[in-house]
Amino acid sequence: EAEIPNYISVYGLRTYSVQKGKPITEIVYVHAKTMIVDDKVTIIGSANINDRSMKGDGDSEMVVFFVDKTLVNGVMNGKPYKAGEFSRSLRYNLFKEHLGVQDEGLLVDPISEDFYNNIWKRTADKNTMIYEEVFGGQIVPSDQVKTYSELDKYKLKKGLVETDLDKAKSKLKEVKGNLVTMPLHFLESEGDNMPDGGPNSWFGNIIRKIFD
């Protein structure tokens, strides 16, 4: 289980704006399901993993399956690699938006440890810390909360948006892109006290099944 983060990681998207002079924030909800495989294959669709989408007699769904035929020079895991022109360009555009960067040179090798740790993960971690500092108990769910009793106290936590508006606005300027960490440890200590066994089980069990 300790090795799971070496193979799969989950992140989210968050944005902010200013309304009537006061910063507000919200999670970015994306309906399209997009998968880019090895910078060569792209799948973009509307289906959800539920009966309405999968049984075939419910919602109408649509998917685009694109296999690149035009290949360009790239890098994968530190080695020369032939990437698909479209798939890689799509990944570049998404990563530039998520990470708030314009230099495509930073995005060439998406599976290198340097990219993941020093660009992707570092950006998400810093953005998350800024949002929690600025908005305090408004950022729910949060990995800072492990139990229901902690949740009640956490919701009362005031962020800079309540205590120092100028500093809050200044701090938000440090946010890059919209990438944030996914709070996978939210309420994890509740375990069996929750009707579904707790988020400790809903994510952990799915991932364990993948690697069993």
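The preceding data block contains the structure.
Residues numbered from 1 in each chain as written. Predicted model: local features only at pLDDT ≥ 70, side-chain atom pairs only at ≥ 80, totals over all residues. Heavy atoms only, no water.

(A) Main features of the sheet that holds strand 3 (residues 33-37). Here we have three strands laid out as an open sheet, ordered 3-4-5, and antiparallel in their pairing. Two strands lie at the open edges of the sheet, namely strand 3 and strand 5 (63-67), each paired on one side alone. Between one strand axis and the next, the sheet turns by 5° as a mean value, whatever way the strands run. (Pairing = 2+ DSSP bridges. Helix = DSSP H or I, 4+ residues; strand = E, 2+ residues; numbered from the N terminus. Axes fitted to C-alpha atoms, helices over the stretch in contact; angles between N-to-C directions.)

(B) Expanded view of the nonpolar core. Counting 16 residues, the largest nonpolar core has Y131, V134, F135, V145 and L172 as its most contacted members. Of all the elements, helix 3 (residues 113-135) adds the most residues to this core, at four residues. Beyond its immediate chain neighbours, meaning those up to four positions away, V134 contacts G159, L160, V161, A168, K171 and L172. Counting residues in each nonpolar core, the second largest holds 12 residues, with Y11, Y92, L107 and W120 among its members. (Core = buried A, V, L, I, M, F, W, Y, C linked by side-chain atoms within 4.5 Å. Buried < 20%, exposed > 50% of the residue type's maximum accessible area, 1.4 Å probe, protein only. Contact = heavy atoms within 4.5 Å.)

(C) Fine view of the pattern of salt bridges. For the structure shown, the criterion picks out seven salt bridges. Residues E162 and K22 are paired through a salt bridge, measuring 3.1 Å at the closest nitrogen-oxygen approach. With E162 in helix 5 (residues 160-163) and K22 in strand 2 (residues 22-27), this pair connects stretches of sequence that are 140 residues apart. Across the salt bridge formed by K96 and E104, the nearest N and O atoms sit 3.0 Å from each other. Sharing partners across several salt bridges, the network here consists of E133, K171 and E174. (Salt bridge = Lys/Arg side-chain N within 4 Å of Asp/Glu carboxyl O.)

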